[in-house]
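Residue strings, one per chain:
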Amino acid sequence: MCGIFCLINCAKHDKNLSINHESREWSLCKDVISARGPDGLNSLTQGLSEWWHGQFYASILWMQGAKPISQPLVDNDSNILLWNGDVFSGDLFQEGICDSEQVLSKLSITNDIYSILKNIKGPFSIIYYQSSSNLLYFARDKFGRHSLLSKITENSLFLTSVAVKSLENIIELPAVGLYVADLNEKKIKIKCLPWNKPNKRLINIINSFKENYNVDITVEIPYSVLLVENSVIDSSSTSKMGFLKYLDYFEDSNKFDEIMEYFLKQKDINQIVNDLLKLLNESVRRRVKIIPDLCRNCTKLIYTNVAKCQHTKVGILYSGGLDSAILAAIAHNHVPVDETIDLINVAFEKKNNANYEVPDRKTGRQTFNELLKICSNRKFNLIEVNVSQEELQRKRSTKISDLVYPHATILDDSLACAVWFASRAKGKINLENQSYESTCRVLLLGMGADEQFGGYMRHRTILKRNGWDAVKEELQLEFDRISERNLGRDDRMVADHGRQSRLPYLDEDFVDYVQQLLPWERCCPTEKFPPGLGDKLILRLVARKIKLHEAAKLLKRAFQFGSRIADGKENAKDISKRL
């Protein structure tokens, strides 16, 4: 996970800028940027035009290629690339070659920057300066899996992977398209080329962006986007499709095992399960195979002829629930059998009583035992991360409050703390009394599963009140806004430990398949099927297919409540006074 930072200043405005000048923004962000990339830190400072001066910094977390490649990358035409991403497949992927070099090589020979970036398969945030046109391109991928924060003033354009609270008026760059800043005149002009066909929500996002900075942003719709047609549901046909056509077969809907076995025997349902399982296998395979053959610790010994590293390289943020259990079982198929996989389970102390027997801890142990049975030749470490009230308060005030910025709600506070401590991966191995810190460089997270498969209780409420059309709209809305609600914040938490977060449920091929499934082919939160069955039903069948029989029946539990960091009496949308 790289840290990227770019500050474009009006050269006429700040005459003191020089190659040795360190801006206030960089001095404040240097430590948090450096933490994201422990394998190197470099900079480039230069004039870009008569009017503009640029500072480019990048810290490097080596994830692809034979050796670490320094950034900023500069080609023979003076184009500059800051790349924080992963190319997992497609035209730009080449095994054994650093993806940042591949990206720069492709961008250097085209003026169609938009098409190149839109077709990348993998998460990214990018800043690219094209010297010939004096244009600065910047973006997050269409799902917004990696963080990029922004600030625009009359005399500057500021972009960074992570910031600190003392830098005011920072916002998270909306992951709705490719932004282009024209540096040919005294005043920056910005246009946005949307990844998807504009709708009311996108226009509202752009308008909000304009109002935040009092800057003119024009929306220019690429021709390829105009050609995309919107799908329409024929609601009259719902009673004969997906799970709904089988509802009358069940007299007792509490017989979960029998119901799941029945569904797996139905040809149409089983085909979807097999398709999802195939795509998820490939998604996980890419994310655990495309890494250096060295753990975090042995990476530091790369130039000392280190022997083959057999330490843990892959970890999973692991509640023991449905989503993380599936990832663990599938990762077993693709991680070398002689390497351990770390399952990281976090719990927070309540009322200073040193009691960490929270719901996720109990579920984690239960599913861990099930995994050991179906993956009998694999060593898993169940890492139990216990966080005291004292340590929570200390790290929240000195570290997490900066990383979560510009988010600030009680929900952001709770989830940020949970993800930060979990991804630090420092605790004790289950049934052992010895302290342990994971050496994994990749951390798999289950983000995106609930939004795509109807995992929230509100889906049940919406269906009951407003029907399947409303469920479809809600699923689409939740998926569309996952970047602004979750992913940038969570990326900043994981990356602070020099680890790479990878999200198998948000693989492009997997998402494309799920998006063409109708709501009643993904879930069935009707009154006929209780919680723990109807929600995420198709994903529960995937778990059943790979013999996770008990995990397939677990109730959805929000991470902040399962780890017991959150107080259910607080309003999640209120601004947190603890940050």
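This text follows the structure it describes.
Residues numbered from 1 in each chain as written. Predicted model: local features only at pLDDT ≥ 70, side-chain atom pairs only at ≥ 80, totals over all residues. Heavy atoms only, no water.

### As for unusual backbone geometry
In plain terms, the rule: Going along the chain from the N terminus, every DSSP run of H or I of four or more residues is numbered as a helix, and every run of E of two or more is numbered as a strand. Buried means the residue's accessible area, taken with a 1.4 Å probe over protein chains only, is under 20% of the maximum for its type, while exposed means over 50%, and partly exposed covers the values in between.
The amide bond that connects Gln-71 to the next residue, Pro-72, takes the cis arrangement and shows omega of 5 degrees. In this structure, Pro-72 sits in the loop between strand E3 (52–59) and strand E4 (73–74). Put simply, Tyr-405 and Pro-406 share a cis peptide bond, and its omega is 15 degrees. Relative to the helices and strands, Pro-406 resides in the loop between helix H11 (389–404) and helix H12 (410–424). Phi angles above zero are rare outside glycine, and Asn-169 is one such case at about 65 degrees. Residue Asn-169 is classed as exposed on the basis of its relative accessible area, which comes to 53%. Even without glycine at this site, Ala-425 takes up a positive phi of about 60 degrees. Mapping Ala-425 onto the fold places it in the loop between H12 and strand E17 (426–429).

### Observations regarding the side chain of Asp-99
As a reminder, the rule being used: His is not counted, nor are the chain ends, whereas Lys and Arg count as positive and Asp and Glu as negative. The working definition used for a salt bridge is a side-chain nitrogen of Lys or Arg within 4 Å of a carboxyl oxygen of Asp or Glu. Residue contacts are defined here by distance: any two heavy atoms, one from each residue, within 4.5 Å place the two residues in contact.
Tracing the chain through its elements places Asp-99 in helix H2 (residues 99–107). Buried and unpaired, Asp-99 has Arg-502 as its nearest opposite-charge partner, separated by 7.1 Å. In contact with Asp-99, not counting residues within four places along its chain, are Gln-64, Trp-83, Gly-85, Asp-86 and Val-87.

### Details of the environment of Glu-25
Within the secondary structure, Glu-25 sits in helix H1 (residues 24–36). Along the chain, Glu-25 and Ala-163 lie 138 residues apart, while their C-alpha atoms are 8.6 Å from each other.

### Observations concerning the pairing of strand E12 (residues 189–194)
So the rule is basically this: Two strands form a pair only when DSSP identifies at least two bridges running between them. Handedness is read with the strands pointing away from the viewer; a crossover is right-handed when the path from the first strand over the helix to the second is clockwise.
Pairing geometry for strand E11 (residues 177–182) and E12, over six bridges, is antiparallel. Its bridge partner lying in E12, Asp-182 is registered against Lys-189. Hairpin connection of E11 to E12: six residues between the antiparallel strands. Pairing of E12 with strand E13 (residues 217–219), which is carried by three bridges, proceeds in the parallel orientation. By the bridge assignment for E13, Lys-191 is matched with Thr-218. As for the winding sense of the linkage, the β-α-β connection from E12 through helix H4 (residues 200–213) to E13 is right-handed.

### Remarks on the sheet that holds strand E20 (residues 500–502)
For clarity, the threshold we go by: To obtain each axis, a line is fitted to C-alpha atoms, and for helices this fit is confined to the stretch in contact; angles are then taken between N-to-C directions over 0 to 180 degrees.
On the basis of which strands lie adjacent, the open sheet formed by seven strands has the order E18-E17-E16-E15-E14-E19-E20 and mixed pairing. Looking at which strands have only one partner, the edges of the open sheet turn out to be strand E18 (435–437) and E20. Mean inter-strand twist for the sheet, computed between neighbouring axes without regard to direction, equals 40 degrees. Of the pairings in the sheet, the one linking strand E15 (residues 341–348) to strand E16 (residues 380–387) comprises eight bridges and is parallel in character. Within E16, the residue paired with Asp-342 across the bridge is Asn-381. Across the sheet, helix H7 (residues 267–289) is in contact with strand E14 (314–317), strand E19 (442–444) and E20; its angle to E19 comes to roughly 160 degrees. Contacts between H12 and the sheet are confined to E14, E15, E16, E17, E18 and E19, with E15 contributing the most and set at about 140 degrees to the helix.

### Points about the pairing of E14
Of the two faces of E14, both are covered, the one formed by Val-314 and Ile-316 as well as the one formed by Gly-315 and Leu-317. Between the parallel elements E14 and E15, the chain passes through helix H9 (residues 322–331) in a crossover that is right-handed. Bridging between E14 and E19 involves three bridges; their strand directions are parallel. Paired with Val-314 across the two strands is Val-442, which belongs to E19.

### Regarding helix H17 (residues 508–515)
Of the positions making up H17, those classed as buried are Glu-508, Phe-510, Val-511, Tyr-513 and Val-514. If you follow the buried residues of H17, they end up packed against H7, helix H13 (449–453), helix H15 (468–480) and helix H18 (519–522).

### Considerations on the pattern of salt bridges
Evaluated as defined, the whole model comprises 43 salt bridges. For Glu-261, the salt bridge identified is with Arg-544, shortest N-O distance 2.9 Å. Of this pair, Glu-261 sits in helix H6 (residues 256–264) while Arg-544 is found in helix H19 (residues 537–545), placing the two residues 283 residues apart along the sequence. Note on Glu-261: relative accessible area 32%, which makes it partly exposed.

### Structural notes on the nonpolar core
The cut-off we apply is this: Residues belong to one nonpolar core when they are buried, are Ala, Val, Leu, Ile, Met, Phe, Trp, Tyr or Cys, and are joined through side-chain atoms within 4.5 Å.
Counting residues in each nonpolar core, the largest one holds 70 residues, and the members touching the most others are Phe-263, Ile-326, Leu-343 and Leu-541. Discounting chain neighbours no more than four positions away, the residues touching Ile-326 are Leu-280, Tyr-505, Leu-539, Val-542, Ala-543, Ile-546 and Leu-548. Counting residues in each nonpolar core, the second largest holds 51 residues, with Phe-5, Val-32, Ile-344 and Val-404 among its members.

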